[in-house]
Amino acid sequence: MADQSTQSIEVEAPPEQVMAVIADFGSYPEWAKQVQQTEVLLVDDGTGNAKQVRLTLDAGPIKDVYTLEYEWADDGRSVSWHLVKGQMQKAQNGRYHLEEVAEGRTRVTYTLSVELVLPMIGLLRRKAEKMVMDTALKELKRRVEELD
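The name recorded for the protein chain in an unreviewed UniProt entry is SRPBCC family protein, from Amycolatopsis cynarae.

**A few points about the layout of surface pockets**
Volume-wise, the largest pocket comes out at about 710 Å³. In this structure, the largest pocket is lined by 36 residues; those nearest its centre are Q34, L57, Y66, Y110 and V132. Going through the elements one at a time, α2 (28-31), β3 (50-59), β4 (62-72), β5 (78-85), β6 (89-102), β7 (105-116) and α3 (122-147) are the ones with two or more residues in the lining of the largest pocket. Residue contributions to the lining of the largest pocket peak at eight residues, all from α3. Split by residue class, the lining of the largest pocket holds 27 nonpolar, four polar and five charged.

**Concerning helix α1 (residues 15-23)**
Taken residue by residue, α1 has P15, V18, M19, V21 and I22 as its buried positions. For α1, the buried positions fall inside an angular range of 155° around the axis, keeping them on one side.

**Considerations on the sheet that holds strand β1 (residues 5-11)**
Sheet architecture is open: seven strands sit in the order β1-β7-β6-β5-β4-β3-β2, paired in antiparallel fashion. Of all the strands in the sheet, just β1 and β2 (35-43) have a single pairing partner and so form its edges. With strand direction ignored, the average angle separating the axes of adjacent strands in the sheet is 20°. In this sheet, β4 lies alongside β3 in antiparallel orientation, the contact comprising eight bridges.

The rules behind each value
Throughout, a residue's number is its position along its own chain's written sequence, starting from 1. Two thresholds apply to this predicted model, a pLDDT of at least 70 for residue-level local features and 80 or more for giving and counting side-chain atom pairs, whereas whole-chain, interface and lining totals are computed over all residues. Calculation of side-chain values draws on the structure's entire complement of heavy atoms; hydrogens and water are dropped beforehand. Definitions used throughout: a 1 Å grid over protein atoms alone; a cavity as a set of points that fits a 1.4 Å probe which cannot get out; a pocket as an open set with protein on both sides within 12 Å along at least five of seven lines; a lining residue as one with an atom within 4 Å of a point. Grid points are joined across faces, edges and corners, and a volume is the space filled by probe spheres set on the points. A run of H or I in DSSP becomes a helix once it reaches four residues, and a run of E becomes a strand once it reaches two; helices and strands are each numbered from the N terminus. Throughout, the ten residues Ala, Val, Leu, Ile, Met, Phe, Trp, Tyr, Cys and Pro are labelled nonpolar, Asp, Glu, Lys and Arg are labelled charged, and all others, Gly among them, are labelled polar. Only protein chains enter the accessibility calculation, which uses a 1.4 Å probe; a residue whose area is less than 20% of its type maximum is buried, one above 50% is exposed, and one in between is partly exposed. Read the arc as the range of directions from the helix axis to the C-beta atoms. Only when DSSP finds a minimum of two bridges between them are two strands counted as paired. The angle between two axes is taken between their N-to-C directions and runs from 0 to 180 degrees, where each axis is a line fitted to C-alpha atoms and a helix contributes only its stretch in contact.

Laid out in structure tokens, this is it:
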């Protein structure tokens, strides 16, 4: 299994507002530059949260259509996922964890592990993961704070 990377960012919004943006897969193409298209395939009847989502990704050299399965924490402060099906990826595990650090301010911690079908030199893989995570966190922060 691939090593995992973790990064955090602080967002000027309460955790509920941050999680609402994370959970709104239909709007990802509007703000997550690398995500071209999303399709919610399965919804949890009890919570209304997406259970499986197909994403079309264009991250420069890495283009993929893949399906992730999500597990939402009961407290609304974290969501984790794993790869169900992919073309370029053989494994992906990730997690967003939200922590209220002050009233109206949330620390978002993003953990990601990706294993590609084609092997990639460790240094290049870590650099690509860092770029993907850094971009994702900054775009999430921008989106949440724009909606505030």
